[in-house]
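Residue-level structure breakdown
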Amino acid sequence: MNVITTTPFGRPVTATLMKRAIEAQQPTAVDQIDKWALFQDICTARAAFGVSDRALTVLNALLSFHKGKTLDADAQLVVFPSNRALSDRAHGMAESTLRRHLAALSNAGLIQRHDSPNGKRYAARGAGGAIAHAFGFDLRPLLVRAQDIARAATAAQEAALRLKRLREAVSLRKRDALQLALYGRDSGFGGDWDAVDAQLLDIHRQTRRTLSAEDLEAVKATLDALLITLQSMIKTKELSGSARQTERHYQNSKEDSSDLEPCLEKQKGAACEPSQPEGQGPPPIPLGLVLKACPDIAPYARHGIRHWHDLIATASEVRGMMGISADAWDSCQRDMGPEVAAVTVAAILQRVDAIRSPGGYLRSLSQKAATEGFSPAPMVMALLRAS
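All values reported here derive from a predicted model rather than from experimental measurement. (Residues numbered from 1 in each chain as written. Predicted model: local features only at pLDDT ≥ 70, side-chain atom pairs only at ≥ 80, totals over all residues. Heavy atoms only, no water.)

1. Structural notes on the overall build of the protein chain
On a plain count of helices and strands, the protein chain comes out with 17 helices and six strands. Per-residue burial over the protein chain gives 39% buried out of 387 residues. The contacts of the protein chain with a sequence gap of at least 6 include a subset with a gap of at least 24, amounting to 72%. Looking at the protein chain as shown, the accessible area adds up to about 21,600 Å², and 51% of this sits on carbon and sulfur atoms. (Helix = DSSP H or I, 4+ residues; strand = E, 2+ residues; numbered from the N terminus. Buried < 20%, exposed > 50% of the residue type's maximum accessible area, 1.4 Å probe, protein only. Contact = heavy atoms within 4.5 Å. Areas by Shrake-Rupley, 256 points an atom, 1.4 Å probe, with all protein chains shown as cover.)

2. A short note on unusual backbone geometry
Unlike most non-glycine residues, His91 shows phi in positive territory, near 65°. Of note, His91 is situated in the loop between α5 (83–89) and α6 (95–107). A relative accessible area of 72% places His91 in the exposed class.

3. A short note on the packing of aromatic side chains
Per the counting criterion, the structure on display carries two aromatic pairs. The ring centre of Phe65 lies 3.9 Å from the NZ or CZ of Arg89, which sits over that ring. (Phe/Tyr/Trp six-rings, centres within 6.5 Å; stacked < 30°, edge-to-face > 60°. Lys NZ or Arg CZ within 6 Å of the ring centre and 35° of its normal.)

4. Considering the pattern of salt bridges
For the structure shown, the criterion picks out 14 salt bridges. Between Arg151 and Asp148 there is a salt bridge, and its shortest N-O distance comes to 2.5 Å. Here the residue Arg151 and the residue Asp148 both occupy positions in helix α8 (residues 146–186), the gap between them amounting to three residues, near one helical turn. We classify Arg151 as exposed; its relative accessible area is 51%. Residue classification places Asp148 among the partly exposed positions, given a relative accessible area of 34%. Ionic pairing is found between Asp194 and Arg185, a salt bridge with its closest N-O pair at 3.4 Å. For Asp194, a relative accessible area of 56% corresponds to the exposed category. (Salt bridge = Lys/Arg side-chain N within 4 Å of Asp/Glu carboxyl O.)

5. Side note on the packing of helix α2 (residues 35–44) against α8
Where α2 contacts α8, the axes come no closer than 8 Å and their chain directions differ by 50°. It follows from the interaxial angle that α2 and α8 lie oblique. Relative to α8, α2 is oriented so that their crossing is left-handed. Counting all contacts with α2, which are made through Leu38, Asp41, Ile42 and Thr44, the residues of α8 involved are Ala146, Ile149, Ala150, Ala153, Ala156 and Gln157. Per-class residue counts for the contact of α2 with α8 are seven nonpolar, two polar and one charged. (Axes fitted to C-alpha atoms, helices over the stretch in contact; angles between N-to-C directions. Parallel < 35°, antiparallel > 145°, perpendicular 65-115°, else oblique. Left-handed = near helix turned anticlockwise from the far one by under 90°. Nonpolar A, V, L, I, M, F, W, Y, C, P; charged D, E, K, R; others polar.)

6. A look at the environment of Asp138
Tracing the backbone through its elements, the reader meets Asp138 in strand β6 (residues 131–138). Classification of Asp138 by relative accessible area gives buried; the value is 1%. Considering only alpha carbons, one finds Asp138 and Leu62, 76 residues apart in sequence, at a separation of 9.5 Å. For Asp138, the side chain forms a polar contact with the side chain of His114, separated by 3.2 Å. (Polar contact = N/O pair within 3.5 Å; in protein donor to acceptor, adjacent residues only side chain to side chain.)

7. Structural notes on the confidence of the model for the protein chain
Summary statistics for the protein chain give a mean pLDDT of 81 and a share of 79% for residues scoring 70 or more. Considering only residues more than four positions removed or in separate chains, one finds that residues 237–279, a stretch of pLDDT under 50, has 25 contacts. (pLDDT = per-residue confidence, 0-100.)

8. Re α8
The end-to-end C-alpha separation of α8 is 60 Å, in line with the 60 Å expected for 41 residues at 1.5 Å each. Just beyond α8, the residue with positive phi is Gly188, at close to 85°. (Expected span 1.5 Å × (residues − 1).)

9. Here we look at the nonpolar core
Membership of the largest hydrophobic core comes to 63 residues, with the highest contact counts inside it found for Leu311 and Met322. Excluding its chain neighbours within four sequence positions, the residues that come into contact with Leu311 are Leu287, Val290, Leu291, Ile297, Ile305, Ala342 and Val343. (Core = buried A, V, L, I, M, F, W, Y, C linked by side-chain atoms within 4.5 Å.)

10. Observations concerning the environment of Gly188
Note that Gly188 resides in the loop between α8 and α9 (193–207). Classification of Gly188 as exposed rests on a relative accessible area of 61%. Along the primary structure Gly188 and Ile234 are separated by 46 residues, whereas in three dimensions their C-alpha atoms are 9.4 Å apart.

11. Concerning the environment of Ile203
Inspection of the secondary structure puts Ile203 in helix α9. Classification of Ile203 as buried rests on a relative accessible area of 2%. Linking Ile203 and Leu223, residues 20 residues apart in sequence, is a C-alpha distance of 8.2 Å. Apart from residues lying up to four places away in sequence, Ile203 is in contact with Lys174, Val219, Thr222, Leu223 and Leu226.

12. Looking at helix α14 (residues 326–336)
For α14, every residue scored as buried is listed here: Ala328, Trp329, Ser331, Cys332, Gln333 and Met336. At its buried positions, α14 is contacted by α13 (308–321), α15 (338–350) and α16 (358–371). Gly337 sits one or two residues past α14 and shows a positive phi near 100°.

Put into structure tokens, the structure is as follows:
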């Protein structure tokens, strides 16, 4: 390819511009490549090249002006659309924004500019109508850097997979630690359970932010240490099988299930105690909307949250981590109804950084529900707007 010019029209020459111009004239890494597969790799590795999604929109538009599906080393690779045509294919992007992103693509070494004497973009044709030379944006740097782009895309995919695995590991350890803490406290094992709850809440606050892989490794190590501590606090002992223990376990199970399942005695015609206060029922908002507004509670669910009783069970477990006592939780369920109480706890968990005393806040809402009535819908909608 004959290079007509390397200096820009109407812009100063910079060291970066000259460096990219020299790189663009290096031998191509491949002779031919699918332009859209290459573009997908650039999207995957965009952080490595320092380009934004808006800049990639402009690159997509430039590629669309190149005829054919592939970029060939021996073909004409300069595209010369007008600003208006380029803006149209970039979804109506403003011209000033367009210029900024074109500069970003050029600085990243993904395209090279060939400016005409007057700065206009056009192609000069020979006697047979073939393009002799063109002034515009050269796509040849994409062929020169094709291998670098592929390696960067692979590295980005591996980093994303590592991050995903770390997030899964942290989420599982958070759930294990919470459930072990609940078991140890409820079973009466000795230990500073308030300190454990405070540490769990601090870990939850940390993981609400977008953490790097290194930060996630640190949180994972903290949770591993906490799990070892919890296992030492919960000493294994043989179940006595006494009538008192059996009776207490059976009674608790019956109490938990009575709120969630229909009373079996209805089949015999016997009266059934209501599982929630009169006038209280499921919240006037779908469960899916609650989970969208309060996603922080989902990782603590043992088997996912598909029904209201799943949310109630999960809220019952996380409330201890937030410093909400069993008495406050029971009062809240009695005053609001189990479903509304669970939604309220999920909303408090979502805003736990901004609430000084989650337990006191829940008690005040519970008192309001008992005297004036209460709906969690405004809390949920506010969280949705904030997200």
